[in-house]
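Secondary and tertiary structure notes
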Amino acid sequence: MGCDALQNRLDELSRLFDLDQLSEVRCGPVEIERYYRVSRHAYSRYHDRGNAVHMGLSESGSFHPEDFQGQAKFVSSRLPEAATTILELATGRGMNSIWLARSHPELRIVGVDMTPAQLAYAEQDGKDVTNFQARYGDFHDLSAFEEGSQDLVFVVEALCHSDAKERVACEVWRVLRPGGRFIVIDGYRGRPEEECSLAENRALSLLARGMTVGSFEGYPVVRSAIISAGFDLTEEHDRTHQILPSLERCDRLARRYLNRPIIARIIKALLPRPLVSTAVSGYLFTELSGRGVFSYRISVFDKPVGA
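Attention here is on the structure that accompanies the text. (Residues numbered from 1 in each chain as written. Predicted model: local features only at pLDDT ≥ 70, side-chain atom pairs only at ≥ 80, totals over all residues. Heavy atoms only, no water.)

**Quick word on the overall build of the protein chain**
- Along the backbone of the protein chain there are 13 helices and seven strands.
- If you line up the protein chain on its principal axes, its C-alpha atoms span 55 × 45 × 40 Å.
- Every one of the 307 residues in the protein chain was classed for burial, and the buried ones make up 52%.
- Counting only contacts in the protein chain whose residues sit at least 6 apart along the sequence, the fraction spanning at least 24 positions is 81%.
- Carbon together with sulfur atoms contributes 50% to the accessible area of the protein chain, which is approximately 13,800 Å² in total.
- Positive and negative side-chain charges of the protein chain, numbering 37 and 42 respectively, have mean locations separated by a distance of 7 Å. (Helix = DSSP H or I, 4+ residues; strand = E, 2+ residues; numbered from the N terminus. Buried < 20%, exposed > 50% of the residue type's maximum accessible area, 1.4 Å probe, protein only. Contact = heavy atoms within 4.5 Å. Areas by Shrake-Rupley, 256 points an atom, 1.4 Å probe, with all protein chains shown as cover. Lys, Arg positive; Asp, Glu negative; His and termini not counted. Charge placed at Lys NZ, Arg CZ, Asp CG, Glu CD.)

If you want it as structure tokens, here you go:
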């Protein structure tokens, strides 16, 4: 029944949109910057007025606005002893870093991001937070930070955008002090391609492109890339079930428009392609996560004390 449900959704979408065209969307730095620029108002209106651009972690089984704080709370619970410096990669609108800065005034937190439209929100929201700073930067090149200068580095739902994850891991290794910590919170391919149906693989590809991700890699591949930089894996958690309430919100929103063909065609005609792709993703996300084709994980990596 699950496969039929997913295929039915693909069939519905194909009657409204050119799915082959959406599957060919490029996902480089230029496209990522454009995606967050053209979608900034949609995020504020439909996702979260509090500047979250990530999914909530719901422990109760139903969505509550404070679930958007789940990732920052996890990072807070894993701060190394006597930590003073934190770096967030791809900080976006800065919600996670600003929450940490307000909760831990003893910390100095920097968030880097390569999308000016996102940084503008971070700078505005954090203007009165003296221990937070938003900076323009690409997490593939952290040369602006000295070797061993950070106690903790974390990234939320953004490492998936990189096709050079080992390079990112090596940069993080360099800026972390011995004994420092790297926390990765991200989405992955949940099952190998050969274990998925044609519908599942096609839907996952559309989901990735709708989120400006070239393709979702399997968790073991990404984990190995980070470990190869010298890190020890100390924790790993599958939190796919906790994002389902957030995804169900996306599903309801997408269904509201896609079940009205006239409105859907207006969306197709008037909205930039990134927003059309996002609507398509929202209609597929819950089904893919519920079937284990997409997974959401939290991983904690430590740099050995003697490194």
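Next comes the rest of the account.
**Focus: the nonpolar core**
- Residues Phe-17, Ile-183, Leu-284, Leu-288 and Phe-294 are the most contacted members of the largest nonpolar core, which totals 54 residues.
- The contacts of Ile-183, once residues within four sequence positions are left out, are Phe-74, Val-75, Arg-78, Leu-152, Val-153, Phe-154, Val-155, Ile-298, Ser-299 and Val-300.
- The next biggest cluster of nonpolar side chains, apart from the first, holds 26 residues, and it includes Val-110, Val-175, Tyr-188 and Phe-301. (Core = buried A, V, L, I, M, F, W, Y, C linked by side-chain atoms within 4.5 Å.)

**Observations regarding the pairing of strand S7 (residues 294-302)**
- Taken across its nine residues, S7 has eight buried, putting it largely inside the fold.
- Bridge analysis of strand S6 (residues 232-238) against S7 gives six bridges, and the strand direction is antiparallel. Considered in S7, the bridge of Glu-236 is made with Ser-299. (Pairing = 2+ DSSP bridges.)

**Some remarks on helix H6 (residues 95-103)**
- Turning to H6, its buried residues number three or more, namely Met-95, Asn-96, Ser-97, Ile-98, Leu-100 and Ala-101.
- The secondary structure elements touched by the buried residues of H6 are helix H5 (70-77), strand S1 (85-89), strand S2 (108-113), helix H7 (116-125), strand S3 (132-136) and strand S4 (150-156).

**Focus on the pattern of salt bridges**
- A full pass over the atoms with the stated rule returns 11 salt bridges.
- Residue Arg-191 pairs with Glu-200 through a salt bridge whose shortest N-O separation is 3.1 Å.
- Among the ionic contacts, a cluster of salt bridges with common partners joins Arg-191, Glu-200 and Arg-291. (Salt bridge = Lys/Arg side-chain N within 4 Å of Asp/Glu carboxyl O.)

**Considerations on the environment of Arg-181**
- When you line up the elements, Arg-181 lands in strand S5 (residues 176-189).
- Residues Arg-181 and His-41 lie 140 residues apart in sequence; the distance between their C-alpha atoms is 34 Å.
- Not counting residues up to four positions away in its chain, the partners in contact with Arg-181 are Arg-78, Pro-80, Asp-151, Leu-152, Val-153, Leu-176, Val-300, Phe-301 and Asp-302.

**Regarding the packing of aromatic side chains**
- The final tally for this structure, using the stated rule, is nine aromatic pairs.
- With centroids separated by 4.9 Å and ring planes inclined at 80°, the aromatic side chains of Tyr-35 and Tyr-36 adopt a geometry described as edge-to-face.
- Using a relative accessible area of 4% as the deciding quantity, one classes Tyr-35 as buried.
- On the numbers, 5.2 Å between centres and 80° between planes, the contact of Phe-216 with Phe-294 is edge-to-face. (Phe/Tyr/Trp six-rings, centres within 6.5 Å; stacked < 30°, edge-to-face > 60°.)

**Focus: the packing of H5 against H6**
- Viewed as axis vectors pointing N to C, H5 and H6 meet at an angle of 50°, and their least axial separation amounts to 9 Å. Judged by the angle between their axes, H5 and H6 are oblique. Seen along the crossing, H5 lies across H6 with a hand that is right-handed. Touching Gln-71, Ala-72, Lys-73, Val-75 and Ser-76 of H5 are Asn-96, Trp-99 and Leu-100, all from H6. (Axes fitted to C-alpha atoms, helices over the stretch in contact; angles between N-to-C directions. Parallel < 35°, antiparallel > 145°, perpendicular 65-115°, else oblique. Left-handed = near helix turned anticlockwise from the far one by under 90°.)

**Structural notes on unusual backbone geometry**
- A positive phi angle, near 55°, is found at Ala-90, a position not held by glycine.
- Along the polypeptide, Ala-90 turns up in the loop between S1 and H6.
- Non-glycine residue Glu-157 carries a positive phi angle of around 55°.
- Within the secondary structure, Glu-157 sits in the loop between S4 and helix H8 (165-175).

**Observations regarding the sheet that holds S6**
- In space, the seven strands of this open sheet follow the order S3-S2-S1-S4-S5-S7-S6, with mixed pairing throughout. In this open sheet, the two strands that pair with only one neighbour each are S3 and S6. With direction set aside, neighbouring strand axes in the sheet form an average angle of 15°.
- Relative to S2, S1 is paired through five bridges, and the arrangement is parallel. Note on S2: the bridge partner recorded for Leu-87 is Val-110.
- Of the strands in this sheet, S6 and S7 touch helix H11 (residues 240-258), which is tilted by about 130° from S7.

**A few points about H8**
- When we look at burial in H8, the residues that qualify are Lys-165, Val-168, Ala-169, Glu-171, Val-172 and Val-175. End-on, the buried residues of H8 take up no more than an arc of 160°, which puts them together on one face.
- Here the buried face of H8 lies against S1, S4, S5 and helix H10 (219-227). (Arc of directions from axis to C-beta.)

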